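Observations on the three-dimensional arrangement
Below are the chains, spelled out letter by letter.
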Amino acid sequence: MPLVKRSQIRTKKTRKNIINKFIIILLFLSLSCVGLSAQENSSTSEPAVQEAREFNESRIQELKESGDFDYVERRDEPPSLLQRIMGFIGDLIGGIFRAATSTPLGKLFLYIALFILVLVAIIKIFSINIKDVFYGSADKGKTDFEFLEENLHELDLDKLLVEALAKEDFRLAIRLEYLKALRALSEAQIIDWEQGKTNYEYLYQLETESLKQPFKDLCYYFDYAWYGDFEIEKPIYDKAKAKADSLTQQATREEAKVA
Amino acid sequence: MEQMEDKPEFESRLDLSGLQTKLDAMRQEIGKLLVGQQEMVDMLLVSILSNGHVLLEGVPGVAKTLTAKLLAKVIKADFSRIQFTPDLMPSDVLGTSIFNQKKTEFEFKPGPIFSNIILIDEINRAPAKTQAALFEVMEERQVTVDGETRKMSEPYFVVATQNPIEQEGTYRLPEAQLDRFLFKLTVGYPSIDQEVDILLNHHEQKVAVDLGAIQPVLSPADIAAFKTLVGQVHVEPEVLKYIAAIVAATRQHVSLILGASPRASVSILVASKAFAAMNGRDFVTPEDIKFIAIPVMRHRVILTPESEMEGIDSDEVIKEIIDKVEVPR
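Within any chain, residue numbers begin from 1 and follow the written order of that chain's sequence. A letter from A marks each chain and a number from 1 marks each ligand, given out in the order of writing. Under the rules for a predicted model, residues below a pLDDT of 70 receive no local features and side-chain atom pairs below 80 are neither given nor counted, while totals for whole chains, interfaces and linings still include all residues. Side-chain measures here rest on the full set of heavy atoms in the structure, leaving out hydrogens and waters.

**Regarding the packing of aromatic side chains**
Ring pairs are drawn from Phe, Tyr and Trp, using the six-membered ring of Trp, whenever the two centres fall within 6.5 Å, and their geometry is named by plane angle: stacked under 30 degrees, edge-to-face over 60, tilted for the rest. One pass over the full model with this rule turns up 13 aromatic pairs over all chains. Consider the rings of B:Phe108 and B:Phe114, whose centres lie 5.8 Å apart with planes at 70°: the pair is edge-to-face. Here the term buried applies to any residue with accessible area under 20% of the maximum for its type, exposed to any over 50%, and partly exposed to those in between, with areas from a 1.4 Å probe on protein chains only. Take B:Phe114: its relative accessible area is 25%, and that puts it in the partly exposed class. One cation-aromatic arrangement involves B:Arg13 over A:Phe230; the distance from NZ or CZ to the ring centre is 3.7 Å. Charge-over-ring placement is defined geometrically: NZ (Lys) or CZ (Arg) within 6 Å of the ring centre, and within 35 degrees of the ring normal. Over the ring of B:Phe135 we find B:Arg180, and its NZ or CZ is 4.8 Å from the ring centre.

Below, the structure written as structure tokens:
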């Protein structure tokens, strides 16, 4: 490359650098001038009037009185409506008691009232039925009617039997023979007589074998006559009576043995 | 009490021989496969004659379902089995109306409840809504769907089973539902000898082979005729009072918060008549009532919470009541 051309290129570069530096300095100076002019403007303007604000005393008082800003815990709160009502009732009762205790009659009423209160409390606590107290305790499992008008052991069966035979009411007569035999077995302590037991249950109670068949036969006649409502003639009654007599005799013998 | 040493003196006013013969044949057929459980079978027969339904309660594996199936086999009638499940809907039981596109109208498709003998297996597995669907059909023997009432054909007999042990996933039957069952029969375990016989039957593969070989012995016409006979069984007024006294006593007992209903009184009466007829008697005795009263009332009474906590059983309370009520004599 020729020497002249190299020097020309170097000159061009130097010139560019100089221009760049000039632009930077120019920018710096222009920005500095803007800042100085601003300072000059502010220093030359008049000072602002400062307004002194004051507290609004009434507003402060208002806020002080407001419950929203009261952070102190109150220990003695005012009584609620319920408490006030209870208090009123308490005062009323207290007044009555004070009035009652001031006279002998009042005292008497007071004692009666206290006694009733204690009685009610006892009844409630122990679940006592008032009816049971005054009318005797009714067995709840027991019904209010009885089929036998009287206790079996108190009935005059012989007399009733004579009357039934006189009327030729053999159905009733079989029933009475059956009841006589049942009573004899009970008195001999062969069976444990209870109103709720059926013939089958009595049969189970019989321990003596010789008693079982006559008892079964007698029950057969009784069942057909009494529950079956069959027509009963004298011959059938006689057969039933024979079974009943056999049972009664055996029961008497068993009773004598035990005695 | 009807066994006599000599020749019986009284001739029955009703001809009950046909009934007894047929029932004996039924017992025999059922006994081919069912070992023991005589009392349960007899009570099922009583309920058929009394036009009542039965709830069988027992632990799994005591032949509840087998008994019901055998009973259906010995009666010449339609049989259907419904397995109650928690997702069963009333329409699955009663039936539903389906639109027929050819005829362009709704047609009623009867459910499995439309049969003669219905076995409802595990009734307490279905929710109350499905159980309540049985109210009308069990009491009035009719089903009302879409405003139309359809009568059931006779005989109509529901046998339901339930397991008393499992509580999870079961729904207790409401009182109104329980009241519709004539009996609640508790099915117990067999004796050792009976269990040996059961094993022998299985060893000889009798159950698998012979269920289809059970012969029907009772027709719907027979059942209708026997029901008429049972209706004519004599009951003395004193015996009626005895029933009323027993039922009334359940309403006053300290261990019960709910006593038996008047429907229970009627059930005792009807079942006692059937029981007497089955025993060849044309009249009811207090023995019959004592025997019938417990299965009739055990599901209709409710024990007090105190009694339940003490472990008292409703059977015990009913027995105590029956023992206290004076027998008419």
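**Some details on the side chain of B:Lys273**
Residue and element names in this part refer to chain B. Secondary structure elements are taken from DSSP: a helix is a run of H or I of four residues or more, a strand is a run of E of two residues or more, and numbering for both begins at the N terminus. Take Lys-273: it is sitting in helix H12 (residues 262-278). Working convention for charge: Lys and Arg count positive, Asp and Glu count negative, and His plus the chain ends are omitted. In what follows, salt bridge is the name for a side-chain nitrogen of Lys or Arg lying within 4 Å of a carboxyl oxygen of Asp or Glu. No salt bridge is formed by the buried Lys-273, whose closest oppositely charged neighbour, Asp-288, lies at an N-O distance of 12 Å. Among the polar contacts made by the side chain of Lys-273, one reaches the main-chain carbonyl oxygen of Gly-231 at a distance of 3.2 Å. With sequence-adjacent residues up to four places away left out, Lys-273 is seen in contact with Val-230, Gly-231, Val-233, Val-235 and Val-284. Counting of polar contacts relies on pairs of N or O atoms within 3.5 Å, with two restrictions inside protein: one atom must be capable of donating a hydrogen and the other of accepting it, and residues adjacent in sequence are counted only when both atoms are side-chain atoms. The contact criterion used throughout is that any non-hydrogen atoms of two residues lie within 4.5 Å.

**Considering the confidence of the model for chain A**
All names here are of chain A. Every residue carries a pLDDT, the predictor's confidence in it, which falls somewhere between 0 and 100. Predicted confidence across chain A gives a mean pLDDT of 78, with 77% of residues reaching 70 or more. Confidence scores differ between elements of chain A, with helix H5 (residues 130-135) showing the lowest mean pLDDT of 58 and helix H2 (residues 57-65) the highest of 88. Under a pLDDT of 50 for its full length, residues 136-145 has, in the predicted model, 19 contacts with residues more than four places off or in other chains.

**Overview of the environment of A:Lys197**
With respect to the helices and strands, the residue A:Lys197 is situated in the loop between helix H7 (170-187) and helix H8 (199-205). Sequence-distant contacts of A:Lys197, that is, excluding residues within four places in its chain, are made with A:Asp192, A:Tyr202, A:Gln205, B:Lys290, B:Val327 and B:Arg329. Within polar-contact distance, the side chain of A:Lys197 engages the backbone oxygen of A:Asp192 at 3.5 Å.

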